[in-house]
Amino acid sequence: MKTERFDSRSLEATEEFLSRAYTPMRIGGQTNDTQTRIVRTTAEGLIVDRLAFGYTMSYTANPLGLVCLITVHSGSMVDTTEGRYDVYGPGETFLIAPPDRPYTGALHSARYTITMFDPAVLDKAAAVGAHAAPGPVRLTGQRALDSGANRRLGGTIAFLRDQVLTGPPAPDPLVVATATHHLAAVVLAALPSTTQQDECHRIDSSDAHTDTLRRARTFIEENAHRAIGLSDIAAAAFVTPRAVQYAFSRHADTSPLAYLRQVRLTRAHHDLKTADPSTSSVTQIAARWGFAHIGRFAAAYRQLYGATPGTTLRTRS
């Protein structure tokens, strides 16, 4: 994980930093207070920035090439791309622009969070859905579908920013990758996209046989320590994501991701039993196996093993 800080009253330095950190852009506007503060955190392809501008600023920017979500905390932001005048205020989370499109706008004494990641993560998250559109996923709107979707999206970003990307120590790469995949899934559920359109989706249920289940299980068990998802499991089993879901449902009465979670819980259980409690912690072991939320990990662990993770660690073999 890397953290970078920028604090300046120079508009020239601010424009240079923004152009380097995001995309070439020009800024202008009323500048009674030229104070700018930015804290950037990057980890495993995920970028989360906290920004505060003490003035009104307009901007013209080139395409980012990334999914860029903005959560406004105070002040306001205005999207003026292609003649629009869409105002976003405190509590709103929105897509600033499609990754391949330039954009223009303005902010007014705004404090906000920017969250960015590779659009390819959306494709992996979409593979879990039953109606994934052929080809790369495209976000077709910038506002959340409704107020509930907006709250879920903003809450997911806040958890990722305040809980996952905290340190020291640096967060485990598997935790960051898992949290980023979860964020992408929430984005697809919260914002309009091609995955929500009625398009043809072929599923070959004949591939959902026991050989598929065997190949998928083997891949999961050999790669549970890595940031894998449904699309990776399906590729390893040489079938579509829906086919591998059918195979687990028909022959194992579970889902691929539930089985992955069970394997990771089993590995965490082994580590808790054998670790030295003076040098290891439940949080460290949970993170090692991709569990970012310690409370949820503890609840799932207790349901499976009838004891808390801390009890297992303290009574190691």
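Nothing here was measured: the structure is a model prediction, and the numbers come from that model.

Participant: How should I be thinking about the environment of Gly-167 in this particular structure?
Facilitator: Structurally, Gly-167 can be placed in the loop between helix H3 (147-164) and helix H4 (173-190). By relative accessible area, Gly-167 is classed as partly exposed at 48%. Once the C-alpha coordinates of Gly-167 and Met-1 are considered, the two residues, 166 residues apart in sequence, prove to be 8.7 Å apart.

Participant: Before we go on, may I ask you to explain the pairing of strand E4 (residues 46-53) in this structure?
Facilitator: Look at any regular strand and the pattern is simple: side chains alternate between the two faces of the sheet. For E4, the buried fraction is high: six of the eight residues fall into the buried class. Where strand E3 (residues 36-43) and E4 come together, eight bridges link them in antiparallel fashion. Each bridged residue has a counterpart across the sheet, and for Val-39 the counterpart in E4 is Arg-50. Hairpin geometry of E3 and E4 is characterised by an intervening segment of two residues between the two adjacent antiparallel strands and by a positive phi of about 50 degrees at Glu-44. Pairing of E4 with strand E9 (residues 103-117) involves six bridges; the strand directions are antiparallel. Looking at the pairing, Leu-51 lines up with Tyr-112 of E9.

Participant: Is there a simple way to explain the side chain of Thr-23 in this structure?
Facilitator: Residue position: Thr-23 is located in the loop between helix H1 (11-21) and strand E2 (25-28). On the basis of relative accessibility, which here comes to 4%, the residue Thr-23 falls in the buried class. At 3.3 Å, the side chain of Thr-23 forms a polar contact with the backbone oxygen of Asn-62. With residues near it in sequence (within four places) discarded, Thr-23 still touches Leu-18, Ala-61, Asn-62, Pro-63, Leu-64 and Tyr-103.

Participant: Teacher, can you tell me more about the packing of aromatic side chains here?
Facilitator: For the coordinates displayed, the defined rule picks out nine aromatic pairs. Seen from their ring centres, Phe-297 and Tyr-301 are 5.9 Å apart, and the 45 degrees between their planes marks the pair as tilted. Of this pair, Phe-297 and Tyr-301 both sit in helix H10 (residues 294-305), four residues apart, roughly one helical turn. In terms of burial, Phe-297 and Tyr-301 fall into one category: buried. Considering the side-chain rings of Tyr-301 and Tyr-305, the 4.9 Å spacing of their centres and the 40 degrees angle between planes classify their relative orientation as tilted. One end of the pair, Tyr-301, and the other, Tyr-305, are both in helix H10, four residues apart, so they sit about a helical turn from each other. Given the relative accessible area of 0%, Tyr-301 is considered buried. Classification of Tyr-305 by relative accessible area gives partly exposed; the value is 28%. Among the aromatic residues, ring-to-ring pairing joins Phe-291, Phe-297, Tyr-301 and Tyr-305 into one connected group.

Cut-off values and rules
Residues numbered from 1 in each chain as written. Predicted model: local features only at pLDDT ≥ 70, side-chain atom pairs only at ≥ 80, totals over all residues. Heavy atoms only, no water. Helix = DSSP H or I, 4+ residues; strand = E, 2+ residues; numbered from the N terminus. Buried < 20%, exposed > 50% of the residue type's maximum accessible area, 1.4 Å probe, protein only. Pairing = 2+ DSSP bridges. Polar contact = N/O pair within 3.5 Å; in protein donor to acceptor, adjacent residues only side chain to side chain. Contact = heavy atoms within 4.5 Å. Phe/Tyr/Trp six-rings, centres within 6.5 Å; stacked < 30°, edge-to-face > 60°.

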